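# Breakdown of the fold
Take a look at the letters that make up each chain.
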Amino acid sequence: MKNFMCHSHLGPFAFGSNVNFFVGNNGSGKSAVLTALIVALGGNAHATNRGLSLKGFVKEGENSADVSITLRNKGKDAYKPEVYSSAIIIDLRITRDGLRSYKLKSKSGHIISTKKEELISILDNFNIQVNNPVSVLTQEMSKHFLHSKGEGDKYKFFMKATQLDQMREDFIYIKQTKHVTNDKIEQQNEGLKELKRKYLEKEDRYKSLSSLDELRDKLQELQKQMAWALVIEMEKDLEPVREKLQADRQSTVKYDEKVEEWKNKIEESERKYKQIQEKLEAITNQVQDLQPKCAELKAEAQKRNTDLKTVEVRGQCSHRTVYDITLVALGTESQDRANRVNQIQTDLENLRHQISTLGQQIDQYEHQAALQRSIEANKRNLLMVERSRSNRLQRFGEHMPALLNAIEEAHKRGQFKQKPRGPLGYLISLKDTELALAVEVCLKGSLQAFTCDNHDDERLLQSIMAKFCPGGRRPVIITSQFLPQVHDTRRRAVNHPQYPSVLQALEIQDPVVTNCLIDQRGIESILLIKNRTEARRLMQGGNPPRNCTQAFSKEGDQIYNNRNYSAEQARAKYFSGDVEEDIRCVLTNENDRAQANRFQQQMRKLDEDIKQNESLLRRAHMEQKTTKLELTDLMNVEEPQSEDVQPLVCTHHKCSFCYNQTLLKILLVIKEVFLFNFVFQASSAKASEICAERMDISRTARSLDTEINRLKVKISTQQDQQGDPKEIVRQYHEALENYKNTAQQVKNLKSFINNLDKVMDHRLQVYADLRSFMSARCKYYFDSMLAQRGYSGSMTFDHKKETLSISVQPKKGKKNDSGDMRSLSGGERSFSTVCFVLSLWAITEAPFRCLDEFDVYMDMVNRRISMDMMLRVAASQRFRQFIFLTPQSMSSLPDSKFIQIHQLKDPDRDQSEADGNQ
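Everything numeric here is computed off the predicted structure, so don't read it as measured data. Sequence order sets the numbering: in each chain, residues are counted from 1 along the sequence as written. It should be noted that, the model being predicted, local features are given only for residues of pLDDT at least 70 and side-chain atom pairs only at 80 or more, the latter also being counted only at that level, while totals for whole chains, interfaces and linings use all residues. To get the side-chain values, all heavy atoms of the structure are used, and hydrogens and water are removed first.

### Here's the deal with the overall build of the chain
Formally: Each helix is a run of DSSP H or I of at least 4 residues and each strand a run of E of at least 2, with the numbering of both proceeding from the N terminus. To sort residues, take the accessible area from a 1.4 Å probe on protein chains only and compare it with the maximum for the residue type: under 20% means buried, over 50% means exposed, and anything in between is partly exposed. Per-residue and other accessible areas follow the Shrake-Rupley method at a 1.4 Å probe size, with only the shown protein chains counted as cover for residues.
If you tally the helices and strands in the chain, you get 22 helices and 21 strands. Here the chain holds 918 residues, and 38% of them are scored as buried. Of the accessible surface of the chain, which amounts to about 54,500 Å², a share of 50% is contributed by carbon and sulfur atoms.

The following block contains the structure:
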């Protein structure tokens, strides 16, 4: 010990293995040794009865106090011998502030731990109880016990010494914990009901997702069917084209054979013609070569036979003259024929020019007829606008009022499950009339469309339309399930601070109409911008508004982010707010009527010209044919040798023309087949991507598309109503997990309470039996100890009232009627106390026992008897250490290796004063 209490340095003390006496006067340090043991082994300041806090154990004027204790660590109960070896050193330091720190070292001095928990483990392992009065009985505790008047205090002393009070406190704590746990179970039961309600609520939403998944699966299946349905329809459309191509190819084979046949004939004729031409040229050359020789021979003949040959020569000359005249006549006739051919060709060119002029006049007539049809359409529009003064519905067609009346009558008769809505344009209105043309161009054919809730209503509506719509021009019917509320478009709608969307610009009272336009045209994502320049800047500036797919200007221009289109109409037809202005616009062009009159006159004149030109054309064709015949005759006369070739050439040209025409048709069909095949292959590839296995579909693509649109609307509606599916699944699993965990906790707690009740019942019974057993043993040893001096006494335990009554009768001759220890002398009470302590030693276990001034009030006889009793107990328990503190001399003790006396030096004056202060 260093700077501990009033001692600068005290010790070291080597304790004996059995009995140790610390002998010294007051202030020598006996109590310091005991206090150091208590504090160093984890006891608090209050247990020492020497101070209220640890800082009181630091010597005055010092900053800290140190205590070191070495514990034996051998045998089967050794604590971590592989770490601490055969000894455990406990170093304690107490600071001036009252802070306590430990260093737990091995035998070699190596620090193993500095934690209080490790010290507690060591003490528990060795069963060291410094706060137990049986293990360490201080002087103050002994005085309190000797002078105690209450039987309850003695009972508490007994309970604390035997650690039964700790067991009872543990049981009380367990009961309190049980009550708290029961309360917690009740609370969790209430909470479990709420968790179950939330879990069931989340489960309902989660199950609704499964129906949504079924819809998605059905939609996916329909999309697969749709992909292959389109492929099947393309195959059906492609089959006639292929058949036509096959037929044309077969006809081409015939033409090929015929052309090849005539081509061979022409080649054979040309070959014959060339042979004849060659023979003719050879004969002509021979004639030219023989003419000079013939002249010489004739001259000689004239000379020899002048007279005889005169007549012959004259005849020959006459014949030559006739021949020359004939040649001249033939040359003149050939020139006339050539001139006639030129004249005929000129006439043919004039006829061709007249035919071209007639074609131009016919084209002009067709243009004038188209203009006449435009005038008729303007008249009909004017009539429709004039009728719409009293009924706006007239703008959607003359038949529309009667059609709506028929629909209303059918609805009243209950033929429709849901009354169809339409025309859609009649059921909507504009907030800003300047945007009328833009909205009309945007919605296009949807303005005249009708919408039905189901296919049965669609078929009924089609049958009604067939009675009232002329020429088979029926309005479009859109089939989609009617919903009572408008779709939630907040996540996909465009919201611009300056420009409205089409949905925002319209006033629609019926949510069915609104939902139909949202589904068909996406009006929530289309902006209306009056200025076309601003619209192009906003859409094509590189950062279009979020969720915006396109925009329309007030002129009807359609602007995308990468292109734009101009409107084909100049004024709104259905949303015009001023009927009179529409009428003025129709009547603005006054020239239309004058032009109509002029065109009618021109048309009558053209009809007459056409009749005259048709007769002229017929005559021209007849003359052309006649001329061709004459030309052919002339050519036959001029070239008689080509009679066989020319028909062949004409037939060949005719066949070539037919062949080329057929070949052109085949090429066009091949091009069409190629385009069909390209689209078909692309559709097949896309269908294979959607569904790898080909499907045989009996439904049409149109019916599948209608069903797909209906399912998309239904899925979108359910998604808007339910929210994010991932969040619903997460909340469901979270609620399920919370409910299961809480239910399991409640179940575990209930099981724990049941098991605790069983264990507690058993342990309480064991506790009661142990308490009775230890009480009986304590009585037995107490009587034995008293009998050694000839005393008699009794110990009476009342466990219900928690009292202990001790009565002692001195030896014979001294009668104590009451038997109360307070009536005994000081020595007798001390002896009785020693007997009580020794009886408690006999029934409890501890590695060492400490008694401080046990013989303070004993006379020499009682002191000697008590000492002998304690030594006999110590001799019977050689495995324990006994530490006795006494101011008396121990010179009378027998010499023994099991008894060790530690004589403390008397303190000096300063120490005595300090001890007195303490």
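Read on for the rest.
### Describing the sheet that holds strand β3 (residues 19–23)
For clarity, the threshold we go by: At least two DSSP bridges between two strands are required for those strands to pair. The contact definition used throughout considers only heavy atoms, calling two residues in contact when any of these lie within 4.5 Å. Interaxial angles span 0 to 180 degrees and are taken between N-to-C directions of axes, which are lines fitted to C-alpha atoms, for helices over the stretch in contact.
A sheet is described by the order of its strands in space; here five strands give the open sequence β8-β19-β20-β3-β21, paired in parallel fashion. The open sheet has two edge strands with one neighbour each: β8 (136–137) and β21 (899–903). Where β3 lies against strand β20 (residues 881–886), five bridges are found, and the strand directions are parallel. By the bridge assignment, Val19 is partnered in β20 with Phe882. Where helix α1 (residues 30–40) meets the sheet, it contacts β3, β8, β19 (848–852) and β20, and its direction lies at approximately 140 degrees from that of β20.

### Description of a negative patch on the surface
The line we're drawing: A patch consists of residues whose relative accessible area exceeds 30% and which take part in no salt bridge; residues with like charges are grouped when within 9 Å of each other, and nonpolar side chains (Val, Leu, Ile, Met, Phe, Trp, Tyr) when within 5 Å. Each reported salt bridge corresponds to a side-chain nitrogen of Lys or Arg within 4 Å of a carboxyl oxygen of Asp or Glu. Only four residue types enter the charge count: Lys and Arg as positive, Asp and Glu as negative, with His and the chain ends excluded. By convention, the point assigned to a charge is CZ for Arg, NZ for Lys, CD for Glu and CG for Asp.
On the surface, Asp256, Glu257, Glu260, Glu267 and Glu270 cluster together into a negatively charged patch. Looking at the secondary structure, you find Glu257 in helix α7 (residues 164–304). Residue Glu257 is classed as exposed on the basis of its relative accessible area, which comes to 53%.

### With respect to the environment of Tyr79
To keep things clear, this is the line we draw: By the criterion applied in these results, polar contacts are pairs of N or O atoms within 3.5 Å in which, for protein atoms, one can donate a hydrogen and the other can accept it, and in which residues neighboring in sequence qualify only through two side-chain atoms.
Note on placement: Tyr79 falls in the loop between β4 (64–72) and α3 (81–84). Residue Tyr79 is classed as buried on the basis of its relative accessible area, which comes to 11%. Sequence separation between Tyr79 and Leu123 is 44 residues, and the spatial gap between their C-alpha atoms is 9.7 Å. Discounting residues that sit within four places of it in the chain, Tyr79 has contacts with Asn73, Tyr84, Ile88, Glu118, Ser121, Ile122, Asn125 and Phe126. A polar side-chain atom of Tyr79 sits 3.5 Å from a polar atom in the side chain of Lys80. In this structure the side chain of Tyr79 is engaged in a polar contact, spanning 3.1 Å, whose partner is the side chain of Glu118.

### With respect to the pairing of strand β18 (residues 803–809)
Alternating residues of β18 divide into Leu804, Ile806 and Val808, all buried, and Thr803, Ser805, Ser807 and Gln809, none buried. Examined bridge by bridge, strand β17 (residues 792–798) and β18 share seven bridges and lie antiparallel to one another. When the bridges of β18 are listed, Ser794 appears paired with Ser807. Between β17 and β18, which pair antiparallel in sequence order, lie four residues; one of them, Glu802, sits at a positive phi of approximately 60 degrees.

### Digging into helix α11 (residues 455–468)
Test applied: Here a helix's expected span is defined as the number of its residues, less one, multiplied by 1.5 Å. Starting at the helix axis, one direction is taken to each C-beta atom, and the arc is that of these directions.
Under the 1.5 Å per step criterion, the end-to-end length of α11 is 20 Å for 14 residues, consistent within 8% with the ideal 20 Å. Restricting attention to buried positions, one finds in α11 the residues Asp457, Glu458, Leu461, Ile464 and Met465. Buried residues in α11, looked at end-on, bunch into an arc of 125 degrees, giving them a common side. In this fold, the buried residues of α11 make contact with α9 (400–412), β10 (450–452) and β11 (477–479). One side-chain oxygen of the residue at the start of α11 lies 3.2 Å from the amide nitrogen of Asp456, identifying that residue as Asn454.

### Some points on the sheet that holds strand β16 (residues 564–565)
Strand order in the open sheet made by the four strands is β13-β14-β15-β16, with mixed pairing throughout. Edge strands, defined here as strands with exactly one partner in the open sheet, are β13 (526–528) and β16. Pairing between β13 and strand β14 (residues 550–552): three bridges, direction parallel. Note that in β14 the partner of Leu527 across the bridge is Ala551.

### Notes on the pattern of salt bridges
Oppositely charged side chains can pair when the atoms bearing their charge come close. Enumeration over the complete set of coordinates arrives at 22 salt bridges. Between Glu524 and Arg492 there is a salt bridge, and its shortest N-O distance comes to 3.4 Å. In this pair, Glu524 is assigned in the loop between α13 (511–521) and β13 and Arg492 in the loop between β11 and α12 (502–505), connecting sequence segments 32 residues apart. Overall, the relative accessible area of 5% leaves Glu524 in the buried class.

### What about the packing of aromatic side chains?
Applicable threshold: Note on ring pairs: Phe, Tyr and Trp rings are taken, using the six-membered ring of Trp, and paired if centres are within 6.5 Å. Classes follow the plane angle, with under 30 degrees stacked, over 60 edge-to-face and the rest tilted. Either the NZ atom of lysine or the CZ atom of arginine qualifies as a charge over a ring when it sits within 6 Å of the ring centre and within 35 degrees of the ring normal.
Counted under the stated rule, the structure contains 18 aromatic pairs. On the basis of an interplanar angle of 75 degrees and a centroid distance of 5.3 Å, the ring pair of Phe13 and Phe22 is categorised as edge-to-face. Aromatic pair Trp841 and Phe884: ring centres 6.3 Å apart, planes at 35 degrees, arrangement tilted. Of the two residues, Trp841 is situated in helix α20 (residues 826–843) and Phe884 in strand β20; the sequence distance between them amounts to 43 residues. Just as Trp841 is buried, Phe884 falls in that class too. Through successive ring pairs, a cluster of aromatic residues spans Phe21, Trp841, Phe882 and Phe884. The ring of Tyr560 is capped by Arg563, whose NZ or CZ atom sits 4.1 Å from the centre of that ring. Between the NZ or CZ atom of Arg878 and the centre of the ring of Phe898, over which it lies, the distance is 3.8 Å.

### A word on the packing of helix α6 (residues 151–161) against helix α19 (residues 725–787)
Defined as follows: For classification purposes, angles smaller than 35 degrees are called roughly parallel, those larger than 145 roughly antiparallel, those between 65 and 115 roughly perpendicular, and all remaining angles oblique. Under the scheme applied here, ten amino acids are nonpolar (Ala, Val, Leu, Ile, Met, Phe, Trp, Tyr, Cys and Pro), four are charged (Asp, Glu, Lys and Arg), and all others, including Gly, are polar.
At a minimum axis distance of 12 Å, the contact between α6 and α19 shows a crossing angle of 110 degrees. Taken together, α6 and α19 sit at an angle that is classed as roughly perpendicular. Across from Tyr155, Phe158 and Met159 in α6, the residues of α19 making contact are Tyr767, Arg771, Met774, Ser775 and Cys778. Looking at the contact of α6 with α19 residue by residue, the class counts come to six nonpolar, one polar and one charged.

### With respect to the nonpolar core
Across soluble globular proteins, nonpolar side chains have a tendency to be buried as a group. As a reminder, the rule being used: For our purposes a nonpolar core is just a set of buried Ala, Val, Leu, Ile, Met, Phe, Trp, Tyr and Cys residues, chained together by side-chain atoms within 4.5 Å.
Phe21, Phe158, Phe836, Leu840 and Trp841 are the most contacted members of the largest nonpolar core, which totals 47 residues. Of all the elements, α20 adds the most residues to this core, at nine residues. Leu404, Ala406, Ile407 and Ala449 belong to the second-largest nonpolar core, a separate cluster that totals 45 residues.

### Examining the side chain of Arg395
Tracing the backbone shows Arg395 in the loop between α8 (306–387) and α9. Arg395 gets classed as buried once you look at its relative accessible area, which sits at 3%. Within polar-contact distance, the side chain of Arg395 engages the backbone oxygen of Lys573 at 2.9 Å.

### Some thoughts on α6
Residues spaced three or four apart along an α-helix face the same direction, because each turn holds 3.6 residues. Regarding α6, the residues found buried are Lys154, Tyr155, Phe157, Phe158, Met159 and Ala161. In the segment just after α6, Gln163 is the residue with positive phi, at about 65 degrees.

### Considering the environment of Tyr767
For Tyr767, the position within the fold is in helix α19. Along the chain, Tyr767 and Met167 lie 600 residues apart, while their C-alpha atoms are 7.9 Å from each other. Contacts of Tyr767, omitting those with residues within four sequence positions, involve Met159, Leu164, Met167, Arg168 and Phe171.

### Structural notes on the side chain of Asp457
In this structure, Asp457 sits in helix α11. Beyond its immediate sequence surroundings of up to four residues, Asp457 is in contact with Gln415, Phe416, Lys417, Gln418 and Cys452.

### Describing the confidence of the model for the chain
Which entries qualify depends on this criterion: Each residue carries a pLDDT score, the predictor's confidence in it, ranging from 0 to 100.
For the chain, mean pLDDT is 77; residues scoring 70 or higher make up 71% of the total. Highest mean pLDDT in the chain belongs to β10 (96); lowest belongs to helix α22 (residues 909–917) (46). Scored below 50 in pLDDT, residues 637–645 makes eight contacts in the model with residues more than four places away or belonging to other chains. Low pLDDT (under 50) marks residues 911–918, which in the prediction has nine contacts with non-local residues, meaning those over four places away or in another chain.

### Some details on the packing of α9 against α11
Rule in force here: Handedness of a helix crossing follows the sense of rotation of the near helix relative to the far helix, less than a right angle counterclockwise being left-handed and clockwise being right-handed.
Running from N to C, α9 and α11 point in directions that differ by 145 degrees, and their axes come no closer than 10 Å. Remark: the crossing between α9 and α11 carries right-handed chirality. Each of Ala402, Leu403, Ala406, Ile407 and Ala410 in α9 lies in contact with α11, whose residues at this interface are Leu461, Ile464, Met465 and Phe468. Here the contact of α9 with α11 is built from residues that sort into nine nonpolar, no polar and no charged.

### Things to note about the environment of Phe752
As for its position among the elements, Phe752 is in helix α19. Using a relative accessible area of 41% as the deciding quantity, one classes Phe752 as partly exposed.

### Some remarks on unusual backbone geometry
In the segment running from Gly11 into Pro12, the intervening peptide bond is cis, with an omega of 5 degrees. Locating Pro12 in the fold gives a position in the loop between β2 (7–9) and β3. At Lys80, a residue that is not glycine, the phi angle is positive and equals roughly 45 degrees. Secondary-structure assignment places Lys80 in the loop between β4 and α3. A relative accessible area of 34% places Lys80 in the partly exposed class.

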